[in-house]
Amino acid sequence: PVQHLADYRPYPFTLSGTHLDVTLAPRGTIVRARLELVPGALPVDLVLDGGRGLDLRALTIDGHAPDPAHIRRDDETLTIAAAALPSAPFALETEVAIDPQDNTAFEGLYLSGGIFCTQCEAEGFRHITFYPDRPDVMTTFRVIIRSDMPVLLSNGNPVRQEPGLAEWHDPWPKPAYLFALVAGDLVAVSDRFTTRSGRDVALNVWVRPGDQDRAGFAMESLIKSMRWDEDVYGREYDLDVFNIVAVDDFNMGAMENKGLNIFNSKLVLASPDTATDTDYERIEAVIAHEYFHNWTGNRITCRDWFQLCLKEGLTVFRDQQFTSDLRSAAVKRIEDVQTLRARQFREDQGPLAHPPRPDRYEEINNFYTATVYEKGAEVIGMLKRLVGDEGYARALDLYFDRHDGDAATIEDWLLVFEDATGRDLSQFKRWYTDAGTPMLTMEEAWQDGTLTLTFAQSTPPTPGQPAKPARVIPIAVGLIGPNGDEVAPTRVLEMTEAQQSFAFEGLGARPVASVLRGFSAPVMLRRQMDDATRAFLLAHDTDPFARWEAGRELALSALTDLSQGRDAGADYITAIGALAADDAADPAFRALCLTLPGEEEIATRLASLGVTPDPDAIHAARDDLARRIAVAHQDLLARLFDDMAVTGPYSPDAQAAAGRSLRIAALGLLGRIDGGDRAEVLFGIAGNMTERMAALAVLLRLGRGEAALRILHDEFGDNRLVMDKWFSVQVMAAPPDQAVAVARRLAGRKDFDWKNPNRFRALLGGLAANHAGFHAADGSGYAFTADWLMRMDAANPQIAARMSTAFETWPRYDATRRGHAQAALEQIGILEGLSRNTREMISRMIAAG
Ligand code: ARG
Ligand code: ZN
């Protein structure tokens, strides 16, 4: 059934307390729940969520079993007729049995490698007990866990610990999706944090025995996050303990359960020899993200799941600010824009396009998307730009003041900004309600010392939204004079019309406009600019994002031309050499400039120009340009490779990582001409996983990775996280015509533990990331992926549905590929017993054909 935003109704009962008493067993866990309910003025049926997986053993109201005729169950709910309910407050007690061992969907209570754990967002709690499982029903929880596992954890503060039993009390009212329970043989890395107002908090990162020496970085990141949220947002922690647990089987990255965050182990465990710089940066960011949810998500939650971006967009925005403060803001912004384009623009341009606040869904788990998260964050960035830093700070203070303890909406959020700043945000709201990436074109006119920029915006139709009115677009612009100096600093133009002009007066000589600085709005900017002007901006722009973007545009125009058989790239090669040689520039920035756009991004650009992308031609064009860069700048690259060697003990900090990133960028290009010799040496001597993985990728691309793979396997065969990399890099870096065969061979291995989400994603996600391999003209990539999606769907619908997005770009390819893709999608679509998750995804994708 389709859920509609417009159908929201408050829950007709108030829940004033929840008591759980859980006796754990791999099969036959017993959950006793006591719900204290207050009826409303009119008698209505009590409807609780909870399906067939709950084996109902007992049910009483105020201690008495109601007449069975008053109780109804269907596949998703349990209803107690109004006639059986008291008109005064009453207690509903239930006892159910559930089976964590068989729970391969990893939703609700499940076992992961001997550890009992839970995942309740969005609607997992209904797999644990009968409950009003919706975010606007909030209450305090008292939880008793009975088990002989040594460590028993739940939300809030511990109130009783004795052998075989633990009791926890969470004083902060919360919705069921924030409930968590963990039981296992775990050990903690512990520390303490004293909040600004003097609360002493015990901090623990719980891991499996033996993993303690890889949990220190997560703990450091947590402490930095706690301090940062006090310093920047004035938000303090509000319990006596904060627990983080790492588990191996986890559908997503991590979860912000109140006082008990549960993490995918890949986002907690790190050591120099097993984790890359990118892993470290992600761990730091996700630890922060989940911690920041304590205020933006937990203290203020969402009224309903349509409002998901209220907590996710804001929390992503906050974790992005955190990373920019701790590391390089310029590099972080460029990385975020790259991710946004690769994932969210892709989503917006295909059959799965939806607004940051959708108004309909079938399966909410399908809406934990780049649009809700990353675009949700971009929208807040625009808001901040429009109201200014002070306006933003005032609005956020008001938000926390006004809505603490609430289940809020996007309307509440926007009203806070209107009240705090006096600004009318009715047009701005379209960013939340309208799907699609606006296309912004710009024309320039120069006359008598005045530069006039004329912009036009238009947004292509998306499923269900044929026409798109104009949006408010903040366009940050600066001007660079002919000698390379900035003649006008950044100014934010506020575009509100479909077409609008802005004049810069009193200029001596015609400047070059640096437009959309800092990527001030998530739009696609199209402007006529010759390569020489782009190269000029790459050399002189004072805004690091716009400077990088100039190089990116140069590269993309070369690559789109080359892939269509036109000669191109000379200007780019010259300009990029000058930038790479500039030792005054941040090595991480130079590395970003030296790394060519990926094949997927080139395909997306071609499609937006109305050209059908040819994956093989794109692959060849990118190879060709990379090789020509290497030939042209051989000496420079060799010097960078040597100079950027970081000496001394490994540190994951931004500066050390920056050096390594430039070294690796140079290595990748040199690999095009040195036959992989440097990579082979580096793989052998590098003491850190960052350089080893980079070297391995180079070797695999050249078809000489066998020895390195064997060495890595010998060393780390029993380390799941390293083995995930081992699987994925082989598929990702395989020459396209071998990618499917490599994937097939790896899928046949005994250690391809496909029910583990990380391992499945390593292989299938690796193939999807090999653009020309996945889109093999014979359809073998599609067929292989479809087979695995069908198998996974029966075990874990969330993972299958999410991975099905590998197909989301299918309508843009040629007729042969489209035919194969459509056949694969249809084959999945007719599978008997297909989950609601995957069914919704497949039908949305097929509808675009
Ligand atoms: N709220 C979590 C986060 O952003 C994501 C959990 C989503 N889980 C899911 N099954 N959809 O950190
Ligand atoms: Zn989140």
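Thresholds, definitions, all that
Residues numbered from 1 in each chain as written. Chains lettered and ligands numbered in written order. Predicted model: local features only at pLDDT ≥ 70, side-chain atom pairs only at ≥ 80, totals over all residues. Helix = DSSP H or I, 4+ residues; strand = E, 2+ residues; numbered from the N terminus. Rg over C-alpha atoms; globule rule 2.2 N^0.38 Å. Buried ≥ 20, exposed ≤ 12 C-beta atoms within 10 Å, placed from the backbone. Contact = placed C-beta atoms within 7 Å. Pairing = 2+ DSSP bridges. Near = placed C-beta within 6 Å. Nonpolar A, V, L, I, M, F, W, Y, C, P; charged D, E, K, R; others polar. UniProt positions renumbered as here; feature names shortened; annotations may be inferred. Axes fitted to C-alpha atoms, helices over the stretch in contact; angles between N-to-C directions. Left-handed = near helix turned anticlockwise from the far one by under 90°. Core = buried A, V, L, I, M, F, W, Y, C linked by C-beta atoms within 7 Å. Expected span 1.5 Å × (residues − 1).

1. Here's the deal with the overall build of the chain
Then, number 1: Of the regular secondary structure elements, the chain holds 26 helices and 30 strands.
Then, number 2: Computed over its C-alpha atoms, the radius of gyration of the chain comes to 28 Å, within 12% of the 29 Å expected for a compact globule of 849 residues.
Then, number 3: Considered along the principal axes of its C-alpha atoms, the chain spans approximately 85 × 65 × 60 Å.
Then, number 4: Here the chain holds 849 residues, and the buried ones make up 50% of them.
Then, number 5: Partitioning the contacts of the chain with sequence separation of at least 6, the portion at a separation of at least 24 is 70%.

2. Side note on the pairing of strand β2 (residues 13-23)
Then, number 1: As judged from the 10 bridges shared by β2 and strand β3 (residues 29-39), these two strands associate in the antiparallel manner. Of the residues in β3, the one forming a bridge with Thr23 is Ile30.
Then, number 2: Following β2, the chain reverses through 5 residues before pairing antiparallel with β3; Gly28 in that reversal takes a positive phi of roughly 75°.
Then, number 3: Two strands pair when backbone bridges link them, and β2 and strand β11 (residues 139-146) are joined in this way by 6 bridges, in the parallel orientation. Bridging from a neighbouring strand, Val22 pairs with Ile145 of β11.

3. Examining the site of ligand 1
Then, number 1: Taken together, 13 residues lie near ligand 1, and Glu121, Met252, Met255, Asn365 and Tyr368 sit nearest.
Then, number 2: In terms of residue class, the shell around ligand 1 is made up of 5 nonpolar, 4 polar and 4 charged.

4. Topic: the pairing of strand β26 (residues 473-480)
Then, number 1: With 7 of its 8 residues buried, β26 lies for the most part within the structure.
Then, number 2: Across 7 bridges, β26 lies against strand β27 (residues 486-495) in antiparallel orientation. Bridging from a neighbouring strand, Ile480 pairs with Glu486 of β27.
Then, number 3: Between the end of β26 and the start of β27, which pair antiparallel, lie 5 residues, with Gly484 showing a positive phi angle near 100°.
Then, number 4: Alignment of β26 against strand β29 (residues 512-515), held across 4 bridges, turns out to be antiparallel. By the bridge assignment, Gly478 is partnered in β29 with Ser514.

5. Let's talk about the UniProt feature "domain: Aminopeptidase N-like N-terminal" (unreviewed entry) in the chain
Then, number 1: When the UniProt feature table is mapped onto this chain, "domain: Aminopeptidase N-like N-terminal" (unreviewed entry) is found at residues 114-178.
Then, number 2: Here residues 114-178 runs as 0% helix and 51% strand, with 22 Å between its end C-alpha atoms.

6. Quick word on the packing of helix α16 (residues 677-685) against helix α17 (residues 689-701)
Then, number 1: At their nearest, the axes of α16 and α17 sit 8 Å apart, and the two run at 145° to each other. Remark: the crossing between α16 and α17 carries left-handed chirality. Residues Ala679, Glu680, Leu682 and Phe683 of α16 form the contact with α17, whose own contacting residues are Glu691, Arg692, Ala695, Leu696, Val698 and Leu699.
Then, number 2: Residue composition of the contact of α16 with α17, by class: 7 nonpolar, no polar and 3 charged.

7. Description of the nonpolar core
Then, number 1: Of all hydrophobic cores here, the largest spans 244 residues; its most connected members are Val182, Val245, Ile262, Val268 and Leu667.
Then, number 2: Considering each element in turn, this core owes the most residues, 11 residues, to helix α5 (residues 370-403).
Then, number 3: Sequence-distant contacts of Ile262, defined by excluding residues within four places in its chain, comprise Cys117, Gln119, Ala180, Val182, Val245, Val247, Ala254, Met255 and Asn257.

8. A word on helix α19 (residues 720-732)
Then, number 1: Between its first and last C-alpha atoms α19 spans 18 Å; for 13 residues at 1.5 Å apiece the expected length is 18 Å, and the two agree.
Then, number 2: For α19, the buried fraction is high: 10 of the 13 residues fall into the buried class.
Then, number 3: Taken together, the buried positions of α19 are Leu721, Met723, Lys725, Trp726, Phe727, Ser728, Val729, Gln730, Val731 and Met732.
Then, number 4: Against α17, α18 (706-716), α20 (736-747) and α21 (757-769) lie the buried residues of α19.

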